[in-house]
Amino acid sequence: GAVVSQHPSWVICKSGTSVKIECRSLDFQATTMFWYRQFPKQSLMLMATSNEGSKATYEQGVEKDKFLINHASLTLSTLTVTSAHPEDSSFYICSASPGANEKLFFGSGTQLSVL
Amino acid sequence: GENVEQHPSTLSVQEGDSAVIKCTYSDSASNYFPWYKQELGKGPQLIIDIRSNVGEKKDQRIAVTLNKTAKHFSLHITETQPEDSAVYFCAAWMDSSYKLIFGSGTRLLVRP
């Protein structure tokens, strides 16, 4: 299947700092990528849909000024957690699809721990 | 609203037995139903999927069935092995809103 690479796999940061997570589609182009958040022993919750060359679409309850998404190319989307706080500690996962009506593949996830 | 319900939340089976996980979706416009396996600390891995124009699909020990009328779909794993132990998620693609909605997950334990 298609490969989605996510980096870093884990990050620890101090409260108040910002953290950037990268999501790359390695062998296909993705006009749309999706960002999910997963708390321990819970399901994946969609945070936002990232669209190449345009603004991201955020789910209800997700602060767009806190979770900045940039999708500058067809193979790269980034999620920046700004002014991170301990409650932002979570497992963040990106996904992408080679095209409409195609399978959705997931990255390996990023474990964020905010101290 | 958009909702996917998944049962059971935990499932323990003896090695060699079968495991069945069931999901129900709410949006009748949903047309794509993937299943993912997630191991601890990793991203979800697509294991099988089915589209709305098909009632059943099989891939070796794994099969998925879909009942569009009842809005039910199920994952069947036969001859379970300890390495099948993981959390399994069903999902439904909402074409109307262009997003994938996940079920709550099933923690499968295969006892040797």
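Residues numbered from 1 in each chain as written. Chains lettered and ligands numbered in written order. Predicted model: local features only at pLDDT ≥ 70, side-chain atom pairs only at ≥ 80, totals over all residues. Heavy atoms only, no water.

J.: What should I look at first to understand the overall build of chain B in this one?
T.: Helix and strand content of chain B: zero helices and 11 strands. Secondary structure elements of chain B occur, N-terminal to C-terminal, as β-β-β-β-β-β-β-β-β-β-β. Here the C-alpha atoms of chain B give a radius of gyration of 13 Å, agreeing with the 13 Å that 2.2 N^0.38 yields for 112 residues. Principal axes of the C-alpha set define a box for chain B whose edges measure 45 × 30 × 20 Å. Expressed as a percentage of its 112 residues, the buried residues of chain B come to 46%. Across chain B, contacts joining residues at least 24 apart in sequence account for 54% of those joining residues at least 6 apart. Element-wise, carbon and sulfur atoms account for 48% of the exposed surface of chain B, whose accessible area totals about 5,500 Å². Of the side chains in chain B, 12 bear a positive and 13 a negative charge, and the two mean positions are spaced by 2 Å. (Helix = DSSP H or I, 4+ residues; strand = E, 2+ residues; numbered from the N terminus. Rg over C-alpha atoms; globule rule 2.2 N^0.38 Å. Buried < 20%, exposed > 50% of the residue type's maximum accessible area, 1.4 Å probe, protein only. Contact = heavy atoms within 4.5 Å. Areas by Shrake-Rupley, 256 points an atom, 1.4 Å probe, with all protein chains shown as cover. Lys, Arg positive; Asp, Glu negative; His and termini not counted. Charge placed at Lys NZ, Arg CZ, Asp CG, Glu CD.)

J.: Explain the sheet that holds strand S6 (residues 56-59) of chain B here, please?
T.: What holds strands together in a sheet is hydrogen bonding between their backbones, with the strands either parallel or antiparallel. All names here are of chain B. Spatially, five strands are ordered S1-S3-S8-S7-S6 in an open sheet, and the strand pairing comes out antiparallel. Bordering the open sheet on either side are strand S1 (4-7) and S6, each of which pairs with just one other strand. Averaged over all pairs of adjacent strands, the angle between strand axes in this sheet comes to 15 degrees, irrespective of strand direction. Pairing of strand S7 (residues 62-67) with strand S8 (residues 72-77), which is carried by six bridges, proceeds in the antiparallel orientation. (Pairing = 2+ DSSP bridges. Axes fitted to C-alpha atoms, helices over the stretch in contact; angles between N-to-C directions.)

J.: Any chance you could explain the interface of chain B and chain A here in plain terms?
T.: Interface size is often expressed as the accessible area that is lost when the parts come together. Of the residues lining the interface, 21 residues belong to chain B; the matching set on chain A comes to 21 residues. Carbon and sulfur atoms make up 55% of the surface buried where chain B meets chain A, a total of about 1,600 Å² over both sides. Run the count over chain B and chain A and you get two salt bridges. One salt bridge connects B:Asp49 with A:Lys103, and the closest N-O pair in it is separated by 2.6 Å. Joining chain B to chain A, the criterion identifies seven residue pairs in polar contact (both at pLDDT 80 or more). Those elements giving two or more residues to the side of chain B that touches chain A turn out to be strand S4 (32-38), strand S5 (45-51), strand S9 (86-94) and strand S10 (99-102) of chain B. (Buried area = accessible area lost by both parts, 1.4 Å probe. Salt bridge = Lys/Arg side-chain N within 4 Å of Asp/Glu carboxyl O. Polar contact = N/O pair within 3.5 Å; in protein donor to acceptor, adjacent residues only side chain to side chain.)

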